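# Structure assessment
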Amino acid sequence: MAKSREVEKPNKAFGWAARDSSGVLSPFSFSRRATGAKDVRFKVIYCGVCHSDLHAVKNDWGTSTYPLIPGHEIVGEVTEVGSKVQKFKVGDKVGVGGMVGACHSCDNCANNLENYCSKMILTYGVKYYDGTITYGGYSDTMVSDEHFVIHIPDNLPLDVSAPLLCAGITVYSPLRFYGLDKPGMHVGVVGLGGLGHVAVKFAKAMGVKVTVISTSPNKKKEALEHLGADSFLVSKDRDQMQAAEGTLDGIIDTVSAQHPLLPLIGLLKTQGKLVVVGAPEKPLELPVLPLLMGRKLLGGSCAGGMKETQEMIDFAAKHNIIADIEIIPIDYVNTAMERLVKTDVRYRFVIDIGNTLKSSS
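All values reported here derive from a predicted model rather than from experimental measurement.

### Things to note about the layout of surface pockets
With a probe scaled to a water molecule rolled over the atoms, the places where space remains empty come into view. In this model, the second largest pocket occupies a volume close to 210 Å³. Together, 13 residues line the second largest pocket, and Arg32, Thr132, Ile133, Thr134 and Tyr135 are the ones closest to its centre. Broken down by secondary-structure element, the contributors of at least two residues to the lining of the second largest pocket are strand S2 (25-32) and strand S8 (141-145). Its residues assigned to classes, the lining of the second largest pocket shows 6 nonpolar, 4 polar and 3 charged.

In structure tokens:
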């Protein structure tokens, strides 16, 4: 086994980057920072493709810095640890999700909510403490402060666990925080994509009755027979929606496209909770009166802190919860992005970095 050691110079690395807002990714050589005393360096084996990667490479949010290497569902094997690292050793299976830094001193950080820290540092495309720009997981190696590294249990395969570091924690956290994790509850999941399909799996593992709500009638068989949902509603079918009014304790809304909230609010019981985790580009219309008349709650949630993310991964390992994925080689990533625009994936692309990313040098 390799010895743990510290590196004085930055390490050469290789990945695929977007050079401009055309969104086209191509091979790119760069440097990862030296492994500091509290850093973990690992070989990237798989990296999930999140819809936010697509927005970032195309600068849809107007905040992208190029060259940009996306990827924040990163898993691999530790190759090196700093002298003060306590939680990891060489050879461990690990992962990094959406963040690699935070202030560690605010109320959010003190309460294990680093994801809401105002100084939170994203895994790619922003300035790190040393002034360099962070690069994501479409690359051969990753370095992160151990605080932001997740231990992947041995019984959880790396490829199907990668999307859990974003999609998984994004739905697990609101189920827990909003109390929609109690056995016997009835929860709706809107949208059956990368987020929705794992939301169904987590909710079922918590003992919750699950209804999938979708605009696509052809997803009914998938929802009921493959994912184990208890029932299915076509949101465009007024008769179905009216028949189900007042039946749900809560709803996890994963849809990032424009859609009406009124029919969803109508599905809630008195004091029911509609939790939005999708991020539509334009504001949604909010009908207030139905909230008042049922003392209903509209809330939101964004990813999760490091403690909760580790809890989520451990829960997934215990209950055999994995993402449904399509593994792709790195040179297919531009085609995958095009398919992502069309939602032509079931349900998450995962890049086989370890076997297909080869340095041109």
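Next comes the rest of the account.
### A word on the environment of Val345
For Val345, the location among the structural elements is in the loop between helix H11 (333-341) and strand S17 (348-351). We classify Val345 as buried; its relative accessible area is 15%. Setting aside residues up to four positions removed in sequence, Val345 forms contacts with Arg339 and Leu340.

### Structural notes on the pairing of S2
Of the pairings in the sheet, the one linking strand S1 (residues 11-18) to S2 comprises 8 bridges and is antiparallel in character. By the bridge assignment, Phe14 is partnered in S2 with Ser29. The loop that links S1 with its antiparallel partner S2 comprises 6 residues; one of these, Gly23, has a positive phi angle of about 80°.

### Some words on H11
For H11, the set of buried residues is Val333, Ala336, Met337, Arg339 and Leu340. Along the long axis of H11, the arc covered by the buried residues comes to 165°, so they all point the same way. The inward-facing, buried residues of H11 contact S1, S2, strand S3 (39-49), helix H1 (51-57), strand S16 (325-328) and S17. Count one or two residues on from H11 and you reach Thr343, which has phi positive near 55°.

### Considerations on the nonpolar core
Formed by 53 residues in total, the largest nonpolar core has its most connected members in Leu164, Leu175, Val200, Phe202, Ile252 and Ile313. Elements that contribute at least two residues to this core include exactly S3, helix H4 (167-177), strand S10 (186-190), helix H5 (194-205), strand S11 (209-214), strand S12 (231-234) and helix H10 (306-319). The residues touching Ile313, leaving out its near neighbours within four places in the chain, are Ile150, His151, Ile152, Pro153, Leu156, Leu164 and Leu165. Residues Ala13, Phe42, Ile74 and Tyr124 belong to the second largest nonpolar core, which totals 44 residues.

Reading the values: the criteria
Residues numbered from 1 in each chain as written. Predicted model: local features only at pLDDT ≥ 70, side-chain atom pairs only at ≥ 80, totals over all residues. Heavy atoms only, no water. 1 Å grid on protein atoms, 1.4 Å probe; cavity = no way out; pocket = protein on both sides within 12 Å on 5 of 7 lines; lining within 4 Å. Points joined across faces, edges and corners; volume = space filled by probe spheres on them. Helix = DSSP H or I, 4+ residues; strand = E, 2+ residues; numbered from the N terminus. Nonpolar A, V, L, I, M, F, W, Y, C, P; charged D, E, K, R; others polar. Buried < 20%, exposed > 50% of the residue type's maximum accessible area, 1.4 Å probe, protein only. Contact = heavy atoms within 4.5 Å. Pairing = 2+ DSSP bridges. Arc of directions from axis to C-beta. Core = buried A, V, L, I, M, F, W, Y, C linked by side-chain atoms within 4.5 Å.

Keep in mind that these numbers describe shape and distance, not what the molecule does.
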